[in-house]
Amino acid sequence: MKIQFDANQPFQRIAVSSVVDLFDGQPRGEDAFTVTKFTSDAYGSLGLGAEQSDLGLGNRLLIDDAVLHANARKIQDRNDIEHPDPAQPLEGWTLFDAIANQTRLCPHFSTEMETGTGKTYVYLRTIYELATRYGFKKFIIVVPSVAIREGVLHSIDIMKEHFRGLYNNLPVEHFVYDAKRVNRLRQFATSNTVQILIINIDAFRKNFTGTEDEHKSNVIFKESDKLSGRQPIEYVQAARPIVIIDEPQSVDNTDKSQEAIKALNPLCTLRYSATHKNPYNLVYRLDPIRAFDLKLVKQIVVASVRADEDARYGYIRLDEVVDKARSVRAKLSIHKQGPKGPKDARITVGQDDDLFVKSGEMAVYKNAYVVAEIRADEGDEHIRFANGLRINLGKEVGGVQADEQRVQIRLTIQKHLDKELMLLGTGRSIKVLSLFFIDRVANYRAYDTDGYAMPGPCAQIFDEELAAMAQKEKYKLLTWLQDKDNLDKVHDGYFAKDSKGKNKNKIKDTSGTTEDDNAVYNLIMQDKERLLSMDEPLRFLFSHSALREGWDNPNVFQICTLREMGSEQERRQTIGRGLRLPVDSDGLRVMDDSINRLTVIANEGYAAFADALQKEYERDCGVTFGKIPMTALSRLSVMDDDTEKPIGRDKAEILKAALVEQGLLDHDGRILPAFDPKRQGFRIVVPPALVSEGITSADVIDLLSKYRMERHLQKETDIKPNPFNKQVMLNPDFKILWDKIKPRTRYRIGFSTDELVVTAAKALKEMPVIKKPVVHVDEAALPVGGGGVGTRMIGSSSMDAGATVTAIPDIIAYLQEATGLTAYSGASWAPIPFDRGQ
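Residues numbered from 1 in each chain as written. Predicted model: local features only at pLDDT ≥ 70, side-chain atom pairs only at ≥ 80, totals over all residues. Heavy atoms only, no water.

(A) Quick peek at the overall build of the protein. When helices and strands are counted, the protein shows 24 helices and 32 strands. Relative to its full complement of 838 residues, the protein shows a buried share of 45%. (Helix = DSSP H or I, 4+ residues; strand = E, 2+ residues; numbered from the N terminus. Buried < 20%, exposed > 50% of the residue type's maximum accessible area, 1.4 Å probe, protein only.)

Below, the structure written as C-alpha cells:
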C-alpha cells in the first residue's frame, strides 16, 4: 500500500510559496549556480565567480539584502504575521564566507507547522520549487536525532514518485552523511544535479581544529587522503548550501551547534518546527488552533482513568533489598514532589531514613515513616517503619497503579474494537492502530533466570483483557479476534536491543539516542506502511523511548499512557504520534470528522490533562487560549468578486473596539465571561462598517469560539450516541406531555446567603461520626478427622486497628475540581479548628 499525496492542499502550497517568494527577483535558471574556488578575489565585489576548481559548484544569490528584506516583510503582511519595525534588519548570522573571503549575512527564515500537517512534505517540495524556479541545487537538511533522520529518509523515498510527476522528472540525488565515506561530499560539491545531504548535528558539532584537542574533532573537520588532503567541510562550504533545519529548537540550541552550522557556509537557513523557541523572521504559521480549525488533524478526546488511593498510606513499593557487607539497604518506589508536581520516583533507603525528607516533604509521608527495620533474609525480605507498617518484597501499599493500568488497557482495547466495528459498519477499509507508552521495557517483556523471554505485567494484562473481549457477542464480527491461535501476533513492542555481550538481543530501556536505537528506528520506519495493511495482523504497539520523536502513524486512533506525564514525555509530544489524519487501504486521506478522533486514555484527570496540555500549547506555540490576537481578527474573511478576502488590520481594529465596548473582550484581547454563545438570545452587534462587508454575528462568534480550549479537546464521557426513537413521537401520551412542556419557560433560583450558611452548619453538626478503622477478627477451629480438615467457628470480634491516619482525602482539591475555583494562594494560611459543638 502506498500513501497518496495531494499536491493541491492550500495550506501546504501557501507554506511553500511563503519561502520560495522570499527570493522574488532572483534570475531564474542556471544563473543561480556558479563555479567556485578558494581565492580572495573569486567573487569580486558581489561575491560572484565563474572559474572552475577542484572544489565544485555552489549556489549564489543575485538579489541583495534590501530586496530579500522587502520580500520577507511583504510575505509576513500577506500571512498576517506581526513583525517588528519594517526598518529593522533581517535576523541572521554574520559569518565569514571563506569562498568570497568576506563577511556577509546568513539570514534565517522560520516556518511553523503543527505536528501532523506535513512539515516534511512542505520543505521537501520547497527544495524542488527553489531548484525549478531559481536553479538552486545544493541543500543540506540538518536533523537533531537518528529518529528524525530516518523519518526524513523515509519521506524522501515515499514522496519521490509524487515529486517526479509534479516537477517533470527533475533529477534529485539524496544521501546521508557517513564519516566513513567522506569522499561522497566531493560529488555533492561538483555535481550539476540537485543534491540533498541529510546530516545529524552530532556529526559536525565537534570542531577543535587548531587546538591541542584537534584529534577530538568530527571527521568532517579533519584532512582526508580521500579528498587530496583537504578537509571534507571545505567541499560543503564550496557548495554554499541552503540549510534546512528540522526542529531547530533541538538542533542549534547551543552556541556550539550554531558555530557548527555557520561552518557549513550556508546561503541562508530555513527553519521548520511546530515548537520554535526563536522563530526568526517567521514567514508562515499554522498553529494548533488553525490546524484544528481547518480540520487538518484529528480531534483529541480524553478518557481519564483515576482510581481512589488508600487514604491511610502514602504510596510505597519495596522493589529490592540489597545486602551489603556493612549494611542492608532497600530500594523503594514512592511518590516524590517535583517541580511539576508529584511523580513516581525510585529511592534507596537505610536505617532511620525518613520518607518525609526523601519525598521532598510530601504530607502523606509526614508521620512516622522512618525506617525501623530492613530484613534481607531469603524468603522474608521486608521493610518496617516506625508506624508499624510492614511491606514485603515486591508488594506495595497506598498504590493503585496496577488497577489503573488494567482498566486503561481494557478501555484501550475496547475503544480499538469499537472503532473497528464502526468502520466495518460504514464499509470503509481503514486499519486501526493503538499505541501504548510504558515507563519500563520490563513491563512488556521480561526475562527469566535462564535468559528466556516472557511477557511482562502489561503484556500479561493485555492478553487477559483481549481474550475476555473476544468472548463478547458484539465483537464476533471481527474475524481476526476470533482466531485464538494468532492473537499473540496482534501486539508487539518496539524497543532497542543490546548489541553485544551476554545480553545480546535482549530488549532494554534506552534514552532514544543511543546506537542500539538505530536498528529499532529502521524497523519502525520500514513498518510504517506495512502496519496500514489489513493483511498485517499487528494492531497494538507498545513502546518506551523509540517512538518519542520522529515517528507517527496516521492510523493511530488510541494512545494509552501507562506512565506518568512529565518532562521526558509531555502531553503534546505524546498525542503528536497520532494527530495525523488517517488513510484508507488505497492510501487516500480520510476527511471524515466522525472517524478522525484520537482518543487518549490518560492516567490523570481530564481537567488536569486539559490544563497541562493548554499550558504546553501556550508555552511551545505562542498561542493563548482565551485570547484572540489581532492577526486572527484580521483574517476574518469577506467575499470580493467571488473570492475570499481578509478584512485587514484597520477593520479588525474597528471590530475589536466594538467587542471591547460590548464587554466581550478586554483591551488585551482576552475573552471575557460575557461571551457565552450558549446563552439564550446571545448575539454580537457587528459594526455597520463590517455589516456592509457581509460580516455577521455568527462569523464573529465562530471566530472567538476557536480560541477556547474545549473546542480542541473533548472529554470522552461527553461523546455518546443519542438515537432518535420515532415510536416515542407516535405515542399519544407523549404528544399530551409535549404540548404541556414545549412552551419556553425561564426559571430563577433564589436563596438567602444567611439561610445557606445556617443550613450548611446544621448539616455539618448532624453528619455521622467518622470512626477510626477497626479490624474484624474471626476465630475458627480446624478439626482434623478422617474426612480431612474442617472448620468450626468459635468466635467473632472487632477491635480498634490502632492505625495512624497519615493522610485524609484532599477535600480542597476535590472542591477545586468540582467548582472550578482555584486554591487560595495567599502568603500563609492555617486550618481553622473545628468544634462539632459550634
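Still more ground to cover, so stick around.
(B) Main features of the side chain of Glu381. Mapped onto the fold, Glu381 is located in the loop between strand 15 (371-375) and strand 16 (382-385). The charged side chain of Glu381 is buried without a salt bridge, its nearest counter-charge being Arg390 at 8.5 Å. Excluding its chain neighbours within four sequence positions, the residues that come into contact with Glu381 are Leu318, Val321, Arg375, Ala376, Asn392 and Leu393. (Lys, Arg positive; Asp, Glu negative; His and termini not counted. Salt bridge = Lys/Arg side-chain N within 4 Å of Asp/Glu carboxyl O. Contact = heavy atoms within 4.5 Å.)

(C) Representation of the sheet that holds strand 15 within the structure. Across the sheet, which stays open at both edges, the three strands sit in the order 15-16-17 with antiparallel pairing between neighbours. Looking at the sheet topology across the chains shown, the edges are occupied by strand 15 and strand 17 (390-392). Adjacent strand axes in the sheet meet at a mean angle of 15° when their direction is disregarded. Inspection of the sheet shows strand 15 paired to strand 16 by four bridges, in the antiparallel sense. Each residue of the ladder has a partner; that of Glu373, found in strand 16, is Arg384. (Pairing = 2+ DSSP bridges. Axes fitted to C-alpha atoms, helices over the stretch in contact; angles between N-to-C directions.)

(D) How the structure looks around a negative patch on the surface. On the surface, Asp463, Asp483, Asp485 and Asp488 cluster together into a patch of negative charge. For Asp483, the position within the fold is in the loop between helix 13 (479-482) and strand 22 (491-494). (Patch = residues over 30% accessible without salt bridge, like charges linked within 9 Å, V, L, I, M, F, W, Y side chains within 5 Å. Areas by Shrake-Rupley, 256 points an atom, 1.4 Å probe, with all protein chains shown as cover. Charge placed at Lys NZ, Arg CZ, Asp CG, Glu CD.)

(E) The arrangement of the pattern of salt bridges in detail. Applying the stated rule across the entire model yields 36 salt bridges. The partner of Lys2 in a salt bridge is Glu161, and the shortest N-O contact between them spans 3.5 Å. Pair noted here: Lys2 is in the segment before helix 1 (10-20) and Glu161 is in helix 4 (residues 146-166), with a separation of 159 residues, a long-range link. You'll find Lys2 and Glu161 in the same group, each marked exposed. One salt-bridge network, held together by shared partners, links Glu373, Arg375, Asp377 and Arg384.

(F) View of helix 3 (residues 119-134). Compared with the 22 Å implied by 1.5 Å per residue over 16 residues, the 22 Å span of helix 3 between its first and last C-alpha is a close match. In terms of burial, helix 3 is largely enclosed, as 15 of its 16 residues are buried. One or two positions beyond helix 3, positive phi appears at Gly135, with a value near 80°. (Expected span 1.5 Å × (residues − 1).)

(G) Summary view of the environment of Phe96. Its location among the elements puts Phe96 in strand 3 (residues 92-97). Between the alpha carbons of Phe96 and Asn265 there is a distance of 8.0 Å; along the sequence they are 169 residues apart. Those residues in contact with Phe96, other than ones at most four positions away along the chain, are Asn101, Gln102, Thr103 and Asn265.

(H) Broad picture of the packing of helix 3 against helix 4. Orientation of helix 3 relative to helix 4, taken along the N-to-C sense of each, is 50°, at an axis distance of 10 Å. Taken together, helix 3 and helix 4 sit at an angle that is classed as oblique. Handedness of the crossing formed by helix 3 with helix 4: right-handed. Residues Thr120, Tyr121, Tyr123, Leu124, Arg125 and Tyr128 of helix 3 lie in contact with helix 4, whose contacting residues are Val152, Ser155, Ile156, Met159, His162, Phe163 and Leu166. Along the lines of polarity and charge, the residues of the contact of helix 3 with helix 4 split into nine nonpolar, three polar and one charged. (Parallel < 35°, antiparallel > 145°, perpendicular 65-115°, else oblique. Left-handed = near helix turned anticlockwise from the far one by under 90°. Nonpolar A, V, L, I, M, F, W, Y, C, P; charged D, E, K, R; others polar.)

(I) Representation of the environment of Gln249 within the structure. Locating Gln249 in the fold gives a position in helix 7 (residues 248-251). The class for Gln249 is buried, based on a relative accessible area of 14%. Once the C-alpha coordinates of Gln249 and Pro144 are considered, the two residues, 105 residues apart in sequence, prove to be 9.1 Å apart. A distance of 2.8 Å separates the side chain of Gln249 from the side chain of Glu247, its partner in a polar contact. At 2.8 Å, the side chain of Gln249 and the side chain of Ser273 are in polar contact. (Polar contact = N/O pair within 3.5 Å; in protein donor to acceptor, adjacent residues only side chain to side chain.)

(J) Focus on unusual backbone geometry. Of note, Asn168 is a non-glycine position whose phi angle comes to about 55°, a positive value. Within the secondary structure, Asn168 sits in the loop between helix 4 and strand 6 (172-176). Backbone geometry places Asn281, a non-glycine residue, at a positive phi of 45°. Relative to the assigned elements, Asn281 resides in the loop between strand 9 (268-273) and strand 10 (282-286). Judged by relative accessible area, which is 4%, Asn281 ranks as buried.

(K) Layout of the confidence of the model for the protein. Looking at the protein as a whole, its pLDDT mean stands at 80, while 79% of the residues score no less than 70. By mean pLDDT, the top-scoring element of the protein is strand 8 (residues 242-246) (97), and the lowest-scoring one is strand 31 (residues 788-789) (42). In this model residues 498-502 is a low-confidence stretch, pLDDT under 50, and it forms eight contacts with partners more than four residues away in sequence or in other chains. Throughout residues 824-838 the model reports pLDDT below 50, and contacts reaching past four residues in sequence, or to other chains, amount to seven contacts. (pLDDT = per-residue confidence, 0-100.)

(L) Just helix 18 (residues 648-661), in detail. A rise of 1.5 Å per residue sets the reference length of helix 18, with its 14 residues, at 20 Å; its end C-alpha atoms lie 20 Å apart and thus fit the reference within 8%. If you check which residues of helix 18 are buried, you get Ala652, Leu655, Lys656, Ala658, Leu659 and Val660. Directly after helix 18, the chain includes Gly663, whose backbone phi takes a positive value near 75°.

(M) The packing of aromatic side chains, seen in detail. Under the definition given, this model contains 19 aromatic pairs. An angle of 80° between the planes, with centres 5.6 Å apart, marks the rings of Tyr365 and Tyr369 as edge-to-face. Taking 4.4 Å as the distance between ring centres and 5° as the angle between the ring planes, the aromatic pair formed by Phe436 and Phe542 counts as stacked. Of this pair, Phe436 sits in strand 19 (residues 433-438) while Phe542 sits in strand 23 (residues 540-543), and the two are 106 residues apart along the sequence. Phe542 gets classed as buried once you look at its relative accessible area, which sits at 0%. Lys256 extends its terminal NZ or CZ atom over the ring of Phe208, reaching a point 4.9 Å from the ring centre. (Phe/Tyr/Trp six-rings, centres within 6.5 Å; stacked < 30°, edge-to-face > 60°. Lys NZ or Arg CZ within 6 Å of the ring centre and 35° of its normal.)

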